[in-house]
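This is what each chain is made of:
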Amino acid sequence: MPEDSRKQAARRLAIARGHLDSIRRALEDPDVYCLDILQQLKAVQGALNGVANVVLRGHLQAHVTTAAARGDAADLVDELMDVLTAR
């Protein structure tokens, strides 16, 4: 994965971690409104989706675009489909 993608993913994970820390603190406070916690959870999901998009783009740029020349395009497609369809 390109270095700039790694750095961008790490920044986004730091944001998600900040949201998670906020959620943990909020859950310890009985006066915090449930919808405020749900809003923070959505923010974490958004941040994680952003990380996934950065990693996917980096993978596509670093590996998939050159797969045909290397002769392993079918293998890369299978790997990518396995990851994207995993639950």
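Please read these numbers as outputs of a predicted model, since none were measured by experiment.

## Comments concerning the overall build of the chain
- Along its length, the chain carries four helices and zero strands.
- Its helices and strands taken in sequence order, the chain reads α-α-α-α from the N to the C terminus.
- Taken over the C-alpha trace, the chain has a radius of gyration of 18 Å; the compact-globule value for 87 residues is 12 Å, which it surpasses by more than 25%.
- Along the longest, intermediate and shortest principal axes, the C-alpha atoms of the chain span 60 × 25 × 15 Å.
- A burial count over the chain gives 17% of its 87 residues as buried.
- Taking contacts inside the chain between residues at least 6 apart in sequence as the whole, the part at least 24 apart equals 60%.
- Split by element, the accessible area of the chain, about 6700 Å² in all, is 56% carbon and sulfur.
- With 11 positive and 12 negative side-chain charges, the chain shows a spacing of 5 Å between the two charge centroids.

## Regarding the pattern of salt bridges
- One pass over the full model with this rule turns up one salt bridge.
- One salt bridge in this structure joins D72 and R70, with 3.2 Å as the shortest N-O distance.
- Accessibility expressed as a relative area gives 44% for R70, which makes it partly exposed.

## A word on the layout of surface pockets
- Within this model, the largest pocket holds a volume of roughly 230 Å³.
- Looking at the largest pocket, the residues that line it are A52, N53, V55, L56, H59, E79, L80, V83, L84 and A86.
- Counting residues per element, the ones that place at least two in the lining of the largest pocket are α2 (34-62) and α4 (73-85).
- No other element matches α2, which puts five residues into the lining of the largest pocket.
- Per-class residue counts for the lining of the largest pocket are seven nonpolar, two polar and one charged.

## As for the confidence of the model for the chain
- In this model, the chain carries a mean pLDDT of 89, and residues with pLDDT of at least 70 account for 100%.
- At the low end of the mean pLDDT range in the chain sits helix α3 (residues 67-70), at 83; at the high end sits helix α1 (residues 3-28), at 92.

## Concerning α1
- Taking 1.5 Å per residue, 26 residues should reach 38 Å; α1 reaches 38 Å between its end C-alpha atoms and fits that length.
- Those residues of α1 not exposed but buried are S5, A9, A16, I23 and A26.
- Structurally, α1 contributes buried residues whose contacts are with α2.

## Digging into a nonpolar patch on the surface
- Nonpolar side chains collect at one region of the surface, where Y33, L35, L38 and L41 lie side by side and expose about 400 Å² of accessible area between them.
- The topology assignment puts Y33 in the loop between α1 and α2.

Reading the values: rules and limits
Residues numbered from 1 in each chain as written. Predicted model: local features only at pLDDT ≥ 70, side-chain atom pairs only at ≥ 80, totals over all residues. Heavy atoms only, no water. Helix = DSSP H or I, 4+ residues; strand = E, 2+ residues; numbered from the N terminus. Rg over C-alpha atoms; globule rule 2.2 N^0.38 Å. Buried < 20%, exposed > 50% of the residue type's maximum accessible area, 1.4 Å probe, protein only. Contact = heavy atoms within 4.5 Å. Areas by Shrake-Rupley, 256 points an atom, 1.4 Å probe, with all protein chains shown as cover. Lys, Arg positive; Asp, Glu negative; His and termini not counted. Charge placed at Lys NZ, Arg CZ, Asp CG, Glu CD. Salt bridge = Lys/Arg side-chain N within 4 Å of Asp/Glu carboxyl O. 1 Å grid on protein atoms, 1.4 Å probe; cavity = no way out; pocket = protein on both sides within 12 Å on 5 of 7 lines; lining within 4 Å. Points joined across faces, edges and corners; volume = space filled by probe spheres on them. Nonpolar A, V, L, I, M, F, W, Y, C, P; charged D, E, K, R; others polar. pLDDT = per-residue confidence, 0-100. Expected span 1.5 Å × (residues − 1). Patch = residues over 30% accessible without salt bridge, like charges linked within 9 Å, V, L, I, M, F, W, Y side chains within 5 Å.

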